[in-house]
Amino acid sequence: MRRSHHERFGGAGRIFSAPARVNLIGEHTDYTGGLVMPMAIGFRTVAAISPRSDGRAVFYSDNYGEEVCFETTALERSPRGHWSDYAAGVLWSLRQEGIAVAGFSMSLAGDVPLGAGLSSSASVEVAAAMAMLSLADAELPLKTVATLCRRAENEYVGAKSGIMDQFVVAGAVAHRAMLLDTRALEFELLPLPEEVRVVIANSMVKHAVATGEYGDRRDEVEAGQAVLRRERGTELLRDASVADLEACRNRMSEASFLRCRHIITENARVVEARAALLDGYVKRFGELMVEAHASMRDDFAASAPEVDALVEIALRQAGCLGARITGGGFGGCTVNVVAADQAESFVAAVRREYAREMKIEADCFICAPSDGALALAKKGGAA
Ligand code: ADP
Ligand code: MG
């Protein structure tokens, strides 16, 4: 990365990197103040940055083989539906934060599968933010880094994502899952039992987050949340119970009722999942994942036939304790908790059976909880 940045831009680049993430449980709860339990994983986006004197911000993505140029002094909010929106959005968002970044060249390269629900978007945002902050000689706390990257994605790119991705990608710690309270922005680091592995299986079916159904779900959720606020005085869905929701059922659309029921029950599952981890009760953790999948599929209507097949295949395998869809939905990846000594055979069997049933080759990864971008930078660890 250092060499290719130098060859392209002629400067010695400073290197920063940010991981991808997988969400163990707590799906679609992060934009109504709820609870999530993600961890960072070993895929990375690397950003190399060096100053330039012409006042321009030039981005090169190795993944796209393309270079894009902006004037740092005249950066308006002008998304173009292009990969560079994510990095330019961070530059714009830093400005909102009162941090002006002088001209620079930035190279980006990542091994995060794009659009697969492992949050390559937060990975590229946080890597770019770390690089720009270093050039501006500024340091910001985790909450601010996460919030400004989320603002880039929400307000510049135009994707209505919650805070989970940016927060865990920036703030994760190796060997730990992160229980994040998305209202307080407070977190707890939780150990995963030694005897299990986290396996990600990619259905290879792509979802569209910035547009379409993800946005429909958010509108349905927000409409339901507004009814509860008015009728029950609950500020956020986080504060509501299933009984509150039942009491308002005939005041909202059936879709809003079901989406809100998913979120309310999912928050309760995350609380129970935390207890299960702290008790070392991994079997219960797995059962909660299975319940979470059913809720995403039936109440939130955000699964896909391929993903449902992948979950069913996983649950048939020896050593599989739990499996569910992860990420925004409508395709993407599943996350599985599997006995450590059966993880390899699990991967082989899932790939074989998914290929037989769906005629698709699934990419599978056995993942360990990794450091986030701040911990990586502190360790001087670029790669
Ligand atoms: P996900 O976050 O699940 O991977 P998104 O649709 O939210 O999917 O974000 C994917 C987008 O992020 C890509 O289409 C691209 O625009 C941008 N992106 C991610 N990684 C890179 C990269 N290394 N270089 C340039 N753009 C990237
Ligand atoms: Mg994303």
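Look up: the structure comes first, before these words.
Presented here is a report on the structure given in the accompanying data block.

The rules we used
- Residues numbered from 1 in each chain as written.
- Chains lettered and ligands numbered in written order.
- Predicted model: local features only at pLDDT ≥ 70, side-chain atom pairs only at ≥ 80, totals over all residues.
- Heavy atoms only, no water.
- Salt bridge = Lys/Arg side-chain N within 4 Å of Asp/Glu carboxyl O.
- Helix = DSSP H or I, 4+ residues; strand = E, 2+ residues; numbered from the N terminus.
- Buried < 20%, exposed > 50% of the residue type's maximum accessible area, 1.4 Å probe, protein only.
- Patch = residues over 30% accessible without salt bridge, like charges linked within 9 Å, V, L, I, M, F, W, Y side chains within 5 Å.
- Areas by Shrake-Rupley, 256 points an atom, 1.4 Å probe, with all protein chains shown as cover.
- Phe/Tyr/Trp six-rings, centres within 6.5 Å; stacked < 30°, edge-to-face > 60°.
- Expected span 1.5 Å × (residues − 1).
- Near = heavy atom within 4 Å.
- Polar contact = N/O pair within 3.5 Å; in protein donor to acceptor, adjacent residues only side chain to side chain.
- Nonpolar A, V, L, I, M, F, W, Y, C, P; charged D, E, K, R; others polar.
- Disulfide = S-S within 2.5 Å.
- Contact = heavy atoms within 4.5 Å.
- 1 Å grid on protein atoms, 1.4 Å probe; cavity = no way out; pocket = protein on both sides within 12 Å on 5 of 7 lines; lining within 4 Å.
- Points joined across faces, edges and corners; volume = space filled by probe spheres on them.
- Pairing = 2+ DSSP bridges.
- Axes fitted to C-alpha atoms, helices over the stretch in contact; angles between N-to-C directions.

Some thoughts on the pattern of salt bridges
In the structure shown here, the tally under the stated rule is 30 salt bridges. The salt bridge involving glutamate 254 is made with arginine 249; its shortest N-O contact spans 2.9 Å. Connected via shared salt-bridge partners are Glu272, Lys283, Arg284, Glu287 and Glu291.

Let's talk about unusual backbone geometry
We note that histidine 28 has phi near 65°; this positive angle belongs to a residue other than glycine. Looking at the element boundaries, histidine 28 is found in the loop between strand 1 (14-25) and strand 2 (35-51). Classification of histidine 28 as buried rests on a relative accessible area of 4%. The residue aspartate 137 is not glycine, and still its phi comes out positive at about 55°.

As for a nonpolar patch on the surface
A contiguous nonpolar patch, built from Val173, Phe187 and Leu189 and spanning about 210 Å² of accessible area, is present on the exposed surface. Along the chain, phenylalanine 187 falls in strand 7 (residues 186-191). Residue phenylalanine 187 is classed as partly exposed on the basis of its relative accessible area of 37%.

Brief notes about the packing of aromatic side chains
Taken as a whole and judged by the stated rule, the model has six aromatic pairs. Ring geometry for phenylalanine 59 and phenylalanine 70: centres 5.8 Å apart, planes at 75°, overall edge-to-face. Taken together, the residues phenylalanine 59 in strand 3 (residues 56-61) and phenylalanine 70 in strand 4 (residues 66-71) connect sequence positions eleven residues apart. As far as burial versus exposure is concerned, phenylalanine 59 and phenylalanine 70 are alike and both buried. Relative to phenylalanine 187, the ring of phenylalanine 167 lies with its centre 5.7 Å away and its plane at 65°, an arrangement referred to as edge-to-face. With phenylalanine 167 in helix 5 (residues 164-171) and phenylalanine 187 in strand 7, the pair connects residues that are 20 residues apart, well separated along the chain. A relative accessible area of 1% means that phenylalanine 167 is categorised as buried.

Description of helix 4 (residues 142-157)
Given a rise of 1.5 Å per residue, 16 residues ought to cover 22 Å, and the 21 Å separating the end C-alpha atoms of helix 4 matches this to within 8%. All buried positions along helix 4 are accounted for by Leu142, Thr144, Val145, Ala146, Leu148, Cys149, Arg151, Ala152, Glu153, Tyr156 and Val157. Count one or two residues on from helix 4 and you reach glycine 158, which has phi positive near 95°.

What about the site of ligand 1?
With respect to spatial proximity, 17 residues lie near ligand 1, and among them Ser61, Asn63, Gly115, Ser120 and Ser121 are the closest. Here glycine 115 contributes a backbone N or O atom positioned 2.8 Å from an oxygen atom of ligand 1. A per-class count over the shell around ligand 1 returns eight nonpolar, nine polar and no charged.

Remarks on the state of the cysteines
All told, the structure shown has zero disulfides when counted by the stated rule. The thiol of cysteine 320 is unpaired, and the distance to the nearest cysteine sulfur, on cysteine 364, comes to 11 Å. Residue classification places cysteine 320 among the buried residues on the basis of a relative accessible area of 14%.

A word on helix 11 (residues 343-358)
Between its first and last C-alpha atoms helix 11 spans 22 Å; for 16 residues at 1.5 Å apiece the expected length is 22 Å, and the two agree. Along helix 11, the positions that sit buried rather than exposed are Ala343, Phe346, Val347, Ala349, Val350, Glu353 and Tyr354. In this structure, the buried residues of helix 11 make contact with strand 8 (196-202), helix 10 (305-316), strand 9 (320-326), strand 10 (333-339) and strand 11 (363-367). In the stretch just after helix 11, lysine 359 is the one whose phi turns positive, near 60°.

Quick look at the layout of surface pockets
Roughly 330 Å³ of volume is contained in the second largest pocket. What lines the second largest pocket is a set of 18 residues, among which Met130, Glu139, Leu140, Leu374 and Ala377 lie closest to the centre. Looking at the lining of the second largest pocket, the elements that each hand over two or more residues are helix 3 (120-135), helix 4, helix 5 and helix 12 (373-378). Here the lining of the second largest pocket takes four residues from helix 12, the largest share from any one element. Broken down by class, the residue content of the lining of the second largest pocket amounts to 14 nonpolar, two polar and two charged.

What about the side chain of glutamate 353?
Mapped onto the fold, glutamate 353 is located in helix 11. Beyond its immediate stretch of four places on either side in the chain, glutamate 353 contacts Ile313, Arg316 and Gln317.

Observations regarding the environment of lysine 283
Relative to the helices and strands, lysine 283 resides in helix 9 (residues 282-298). Overall, the relative accessible area of 48% leaves lysine 283 in the partly exposed class. For the pair lysine 283 and alanine 223, spaced 60 residues apart in sequence, the C-alpha to C-alpha distance is 36 Å.

So, the sheet that holds strand 8
In a beta sheet, neighbouring strands pair by backbone hydrogen bonds and run either parallel or antiparallel. The sheet built from four strands is open, its strands ordered 9-10-8-11 with antiparallel pairing. The open sheet has two free edges, formed respectively by strand 9 and strand 11, since each of these has just one partner strand. Taking each pair of neighbouring strands and ignoring which way they run, the sheet shows an average axis angle of 20°. As paired strands, strand 9 and strand 10 are joined by six bridges and run antiparallel to one another. Bridged to glycine 322 within strand 10 is valine 337. This element, helix 9, spans strand 8, strand 9 and strand 10 of the sheet and lies at about 30° to strand 9.

So yeah, pure geometry; function would need other evidence.
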